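One letter stands for each residue in the lines below.
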Amino acid sequence: MRVDSLFYRLAYRSGTPRWDSTQPRPELTELAKGRAPGRALDLGCGTGSDVLYLAGLGWDATGVDFAPRAIATARSRAAASGSPASFTVGDVTRLRQAGVGGQFDLVIDIGCYHAIPASRRDAYRDEVAAATRPGGDLYLAGVTNPPATWRLLGARGLSARDLRRRFGPDFELADQQTAGQIGRAGTIVFYHLVRRRPGVADAAGDITAASASTGPGSERPAQRLRASCGTSAMPS
Ligand SMILES: C[S@@+](CC[C@H](N)C(=O)[O-])C[C@H]1O[C@@H](n2cnc3c(N)ncnc32)[C@H](O)[C@@H]1O
């Protein structure tokens, strides 16, 4: 078993991990506002708060996480509230193997990709590209510069450079919000990528920041993200 998988399994087995919340992430509630429901996928869904929230808004919502205890909790919460949300135990770098089929309108990843080891990132990209319908949205939130303890688990963080290089042929970077420096966890960033339609790419096959929002005026969304993730949203 990989060390990151072991870490998360143990974290959920030993009680409530520090990042866990029974509330949906504020940045998700923000982006879901006024949006027509469709199919949604939460990668690294934990105990399912974001999936339950989307299902409550009428989305056909699915969560995937490789920690069996987290998914058991998510399923119990769904059953207790009569939610149609569905949950699958699986590795997000092996979605199809886990039986999670594609063409989602909305894919979210709050604190999962940034801890995916370098050796599994291309597989993650392939799976997520296959799972997102052309024109569909992918939102990724994570830290840019993980502390040494996270790096021992293989975490490499989240950066525009990595996304540009790895996701460029499949996704366009539509927006990014910087949350500033947060304790040991470094800078937290919230990226919005849009799945390219077949045959539509930049000349370089690269992604471009269509409306990067890191300048003046980006403070409010950054603060929302900071409030939701804090230093405890990720492994530490
Ligand atoms: C920091 S937690 C965030 C959980 C949830 N998104 C939230 O906001 O509360 C990261 C989650 O990603 C899951 N995870 C990490 N790597 C994964 C992988 N390769 N496949 C599936 N789940 C993974 C962990 O088990 C954990 O639940």
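This text gives an overview of the structure that appears in the document. (Residues numbered from 1 in each chain as written. Predicted model: local features only at pLDDT ≥ 70, side-chain atom pairs only at ≥ 80, totals over all residues. Heavy atoms only, no water.)

1. Description of the nonpolar core
1) Next: One finds L41, Y124, L140, Y191 and L193 to be the most contacted residues of the largest nonpolar core, which totals 26 residues.
2) Next: Element by element, the count of residues in this core is highest for helix 5 (residues 118-131), at 4 residues.
3) Next: Among all residues touching Y191, those that are not within four sequence positions of it are L138, Y139, L140, L158, S159, A160, L163, L173, D175 and Q176.
4) Next: Among the nonpolar cores identified, the runner-up in size contains 22 residues, and A40, L52, A61 and A78 belong to it. (Core = buried A, V, L, I, M, F, W, Y, C linked by side-chain atoms within 4.5 Å. Buried < 20%, exposed > 50% of the residue type's maximum accessible area, 1.4 Å probe, protein only. Helix = DSSP H or I, 4+ residues; strand = E, 2+ residues; numbered from the N terminus. Contact = heavy atoms within 4.5 Å.)

2. Some thoughts on the pattern of salt bridges
Once the charged atoms of two side chains with opposite charge are near each other, the side chains can pair.
1) Next: This structure, assessed with the given rule, holds 14 salt bridges.
2) Next: R94 is the partner of D91 in a salt bridge, and the nearest nitrogen-oxygen pair spans 3.3 Å.
3) Next: Using a relative accessible area of 14% as the deciding quantity, one classes D91 as buried.
4) Next: Relative accessible area serves as the criterion here: at 32%, R94 is assigned to the partly exposed category.
5) Next: R166 is the partner of D122 in a salt bridge, and the nearest nitrogen-oxygen pair spans 2.8 Å. One end of the pair, D122, is in helix 5; the other, R166, is in helix 7 (residues 160-167), and 44 residues separate them in sequence. (Salt bridge = Lys/Arg side-chain N within 4 Å of Asp/Glu carboxyl O.)

3. Looking at the packing of aromatic side chains
How two aromatic rings sit relative to each other is given by the distance of their centres and the angle of their planes.
1) Next: Enumeration according to the criterion identifies 10 aromatic pairs in this entry.
2) Next: Seen from their ring centres, Y8 and W19 are 5.6 Å apart, and the 75° between their planes marks the pair as edge-to-face. Residue Y8 is located in helix 1 (residues 3-13), and its partner W19 is located in the loop between helix 1 and helix 2 (26-32); the two are separated by 11 residues in the primary sequence. Per residue, the accessibility class of Y8 equals that of W19, and both read buried.
3) Next: Their ring planes at 80° and their centres at 5.7 Å tell us that Y12 and W19 sit as a pair that is edge-to-face. Each of the two residues, Y12 as well as W19, counts as buried.
4) Next: In this structure an aromatic cluster arises from ring pairing among F7, Y8, Y12, W19 and F66.
5) Next: Here the guanidinium or amino end of R121 rests over the ring plane of Y113, the centre of that ring lying 4.2 Å away.
6) Next: The ring of F171 is capped by R195, whose NZ or CZ atom sits 5.7 Å from the centre of that ring. (Phe/Tyr/Trp six-rings, centres within 6.5 Å; stacked < 30°, edge-to-face > 60°. Lys NZ or Arg CZ within 6 Å of the ring centre and 35° of its normal.)

4. Here we look at the pairing of strand 1 (residues 39-43)
1) Next: Of all 5 residues in strand 1, 4 are buried; the element is thus mostly enclosed.
2) Next: Across 5 bridges, strand 1 lies against strand 2 (residues 60-65) in parallel orientation. Paired with A40 across the bridge in strand 2 is A61.
3) Next: For the crossover from strand 1 across helix 3 (residues 49-56) to strand 2, the handedness is right-handed.
4) Next: Relative to strand 4 (residues 104-110), strand 1 is paired through 3 bridges, and the arrangement is parallel. Note that in strand 4 the partner of D42 across the bridge is I108. (Pairing = 2+ DSSP bridges. Right-handed = clockwise from strand over helix to strand, strands pointing away.)

5. Examining the side chain of T93
1) Next: Summarising the element assignment, T93 is placed in the loop between strand 3 (86-89) and strand 4.
2) Next: With relative accessibility at 2%, the residue T93 sits in the buried group.

Shape descriptors only; they carry no functional weight alone.
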